[in-house]
Each structure stands twice: as structure tokens, then as C-alpha cells.
Amino acid sequence: SRAFEELSRRLSDVPGVSVRGRGLMIGIALGTGSAALVIQRRLLEAGYLVTTGGLCGEVIVVTPPLNIAESLLSGFAAVLRSLLDDLEPSRQPSP
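Predicted model, so just to flag it, every value in this text is computed and none were measured. (Residues numbered from 1 in each chain as written. Predicted model: local features only at pLDDT ≥ 70, side-chain atom pairs only at ≥ 80, totals over all residues. Heavy atoms only, no water.)

(A) The arrangement of the overall build of the chain in detail. Within the chain one finds 3 helices and 4 strands. The order of α-helices and β-strands along the chain, N terminus first, is α-β-β-α-β-β-α. Its C-alpha radius of gyration of 12 Å places the chain within 12% of the 12 Å reference for a compact globule of 95 residues. Counting only C-alpha atoms, the chain reaches 40 × 25 × 25 Å along its principal axes. Out of the 95 residues in the chain, the part that is buried amounts to 37%. Contacts in the chain between residues far apart in sequence, at least 24 positions, make up 58% of those at least 6 positions apart. Across the chain, the mean location of the 9 positive side-chain charges is 4 Å away from that of the 9 negative side-chain charges. (Helix = DSSP H or I, 4+ residues; strand = E, 2+ residues; numbered from the N terminus. Rg over C-alpha atoms; globule rule 2.2 N^0.38 Å. Buried < 20%, exposed > 50% of the residue type's maximum accessible area, 1.4 Å probe, protein only. Contact = heavy atoms within 4.5 Å. Lys, Arg positive; Asp, Glu negative; His and termini not counted. Charge placed at Lys NZ, Arg CZ, Asp CG, Glu CD.)

(B) Just the sheet that holds strand E1 (residues 18-22), in detail. The strand order across the open sheet built from 4 strands is E1-E2-E4-E3, with neighbouring strands paired in antiparallel fashion. In the strand order of this sheet, the two ends are held by E1 and strand E3 (51-53), each with one partner. Direction aside, neighbouring strands of the sheet carry axes that sit 30° apart on average. Examined bridge by bridge, E3 and strand E4 (residues 59-62) share 3 bridges and lie antiparallel to one another. What sits directly across from Thr51, in E4, is Val61. Against the sheet, helix H1 (residues 2-11) touches E1 and strand E2 (25-29), its axis set at about 170° to E1. (Pairing = 2+ DSSP bridges. Axes fitted to C-alpha atoms, helices over the stretch in contact; angles between N-to-C directions.)

Right, dumping it as C-alpha cells:
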């Protein structure tokens, strides 16, 4: 889907993050439940509704509508990327 492709492209170089999914249900694995919870809350503050999933709550679950506008999808991907970049260094893998 366009949403999966856009998110995969935007997040491909974020350490420790993987994008997976089928159709319009997309999971973005962040490695820890605490990181996913922080991102979920910050996305909500920015006006985006997402849930968490995975065995330990480490996955951000995105379920955009089938007819999502390109501008909304691109805006979401940019905000998510910015939030991930701003996470504290302790979540980022050491070199």
C-alpha cells in the first residue's frame, strides 16, 4: 500500500526500527514498549491516533483509511520520523 511504502521509505535508516504489515494495517516495531508508548502519546498530542501492539507493546500500529490523502500520509510520516529522531539517545543503539 502507499502508506506502507511511504513509512518504509521515511523510516528505513532509523536504527532499531522496522516497518511491517499487510494491506492498510501497518506495524512499526520500536524495540521496547516504553519507546512505543512515548511515541504513541506524542503522536496523539500532534493529532494522530495510533495504537500499540506486539507481545511487549513495542509496536506502533497504524491503520489509515483506504482513501487517505497523500498530504496526510506524508505529514504523518514526517512527524513520526521527527519524533523517532528526537527519542532519547538511550533508545538508540550504540555505535
